[in-house]
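Fold and contact review
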Amino acid sequence: MNRIVNIYPNLETLSQTAAEMFIRIGNEAIQKRGQFTVALAGGSTPKSLYQLLASERFKDKLDWEKVFFFFGDERKVSPDDAESNFKMANENLFEQLKLSAQNIFRWETELKNAEKIAEKYEETVKDFFNLPANGFPGFDLILLGMGDDGHTASLFPFTEALNETEKIAVANYVEKLQTTRLTLTFPAINNATNIIFLVSGANKAEILREVLEGDFQTKKFPSQKINPENGNVFWLIETNAAQKLSKY
Ligand code: 6PG
């Protein structure tokens, strides 16, 4: 695993670099394999990146018909709910680029229960990547955020999903949120070629120090377990989030 950590003066310059990396990785993937598979992050930090990718500055730099979008995690809400990660990406990226529905694979949260939603997403990913029974998808890029408790995707501290070694997609009950979330698993994420963490805000500073410079405690700090053996992990960190780091 190759880990690169870069610090940016503000979210705007962080998002600018992330957009340039997205386009570079995307064009490389399309050149090599004729398509670019990417799993998007939810939350609020990636919003400005999605807006940038859809802007005049970037929208013509990638053949979007060859880009296939997935989601690293999702909330168990309808796709038009304010909490939906799909909704945020749809409004700020997909609709702006007028993307075809064939290029977008969201968690089907309208299904009756969380386990069914996860099973269906597992099938969707397996079909798209044409995986064998115990195979894992090789996303060209996975975008991740990190919560102020060290979670990433919906892999929260001390939750069941942290122990999953076989499935690609699971439902994960999160006690502190009193809700069930939907998430890709560590083996699915760690099989990616490139992972980009987008981390911004002073509220992340303490946990980021623990994750990047503290003891290895992956149950307590799940983001520490993002280690693709054959991939690159890029940490793009805004300066306030980086303020407690000593090694970077
Ligand atoms: C989600 C995300 C989650 C997010 C972090 C950071 O569904 O909320 O996938 O893992 O990336 O909570 O969120 P912010 O970027 O909003 O701080």
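Please read these numbers as outputs of a predicted model, since none were measured by experiment. (Residues numbered from 1 in each chain as written. Predicted model: local features only at pLDDT ≥ 70, side-chain atom pairs only at ≥ 80, totals over all residues. Heavy atoms only, no water.)

Across the sheet, three strands lie side by side as β4-β7-β6; this open sheet has antiparallel pairing. In the strand order of this sheet, the two ends are held by β4 (73–75) and β6 (169–174), each with one partner. Going across the sheet, the axis of each strand differs from the next one's by a mean of 25°, ignoring polarity. (Pairing = 2+ DSSP bridges. Helix = DSSP H or I, 4+ residues; strand = E, 2+ residues; numbered from the N terminus. Axes fitted to C-alpha atoms, helices over the stretch in contact; angles between N-to-C directions.)

Considering the arrangement of structural elements, one finds Ser-84 in the loop between β4 and α3 (85–97). Setting aside chain neighbours within four positions, we find Ser-84 in contact with Glu-74, Val-77, Ser-78 and Pro-79. (Contact = heavy atoms within 4.5 Å.)

Now for the environment of Phe-129. Along the polypeptide, Phe-129 turns up in helix α4 (residues 114–129). With a relative accessible area of 17%, Phe-129 lands in the buried category. Contact partners of Phe-129, with chain neighbours within four places excluded, come to Thr-37, Phe-70, Pro-137, Gly-138 and Phe-139. (Buried < 20%, exposed > 50% of the residue type's maximum accessible area, 1.4 Å probe, protein only.)

Turning to its location among the elements, His-151 is positioned in the loop between β5 (141–144) and β6. For His-151, the contacting residues outside a window of four places in its chain are Gly-145, Met-146, Phe-156, Pro-157, Pro-222 and Ser-223.

Moving on to the site of the ligand. Contacts to the ligand come from 15 residues, most closely from Thr-45, Asp-73, Arg-75, Ala-153 and Lys-204. For the ligand, an oxygen atom lies 2.7 Å from a polar atom in the side chain of Ser-44. One of the side-chain N or O atoms of Arg-75 is found 2.6 Å from an oxygen atom in the ligand. Protein contacts shield 88% of the accessible area of the ligand, which totals 410 Å² for the unbound molecule. Among the residues forming the shell around the ligand, the class breakdown is two nonpolar, nine polar and four charged. (Near = heavy atom within 4 Å. Polar contact = N/O pair within 3.5 Å; in protein donor to acceptor, adjacent residues only side chain to side chain. Areas by Shrake-Rupley, 256 points an atom, 1.4 Å probe, with all protein chains shown as cover. Nonpolar A, V, L, I, M, F, W, Y, C, P; charged D, E, K, R; others polar.)

Attention now moves to the pairing of strand β2 (residues 36–40). Summarising burial for β2: five of the five residues are buried, a large majority. Residues Phe-36, Val-38 and Leu-40 of β2 are buried on one face, and the alternating residues Thr-37 and Ala-39, pointing to the opposite face, are buried as well. One ladder, built from five bridges, connects β2 with strand β3 (residues 67–71); its direction is parallel. Paired with Leu-40 across the bridge in β3 is Phe-71. In this fold, β2 hands off to helix α2 (residues 47–53), which returns the chain to β3; that crossover is right-handed. Strand direction decides the pairing type here: β2 and β5, joined by two bridges, are parallel. (Right-handed = clockwise from strand over helix to strand, strands pointing away.)

Now for α4. Taking 1.5 Å per residue as the helical rise, α4 with its 16 residues ought to reach 22 Å, and the 23 Å between its terminal C-alpha atoms agrees with that figure. Those residues of α4 that sit buried are Ala-114, Ile-117, Ala-118, Tyr-121, Glu-122, Thr-124, Val-125 and Phe-129. Buried residues of α4, seen end-on, are gathered within an arc of 160° and therefore sit on one face of the element. Looking at the buried residues of α4, the elements they touch are β2, β3, β6 and β7 (179–184). The N-terminus of α4 is capped by Asn-113, whose side-chain oxygen sits 3.2 Å from the backbone nitrogen of Glu-115. Once α4 finishes, Asn-130 follows within two positions and takes phi at roughly 55°, a positive value. (Expected span 1.5 Å × (residues − 1). Arc of directions from axis to C-beta.)

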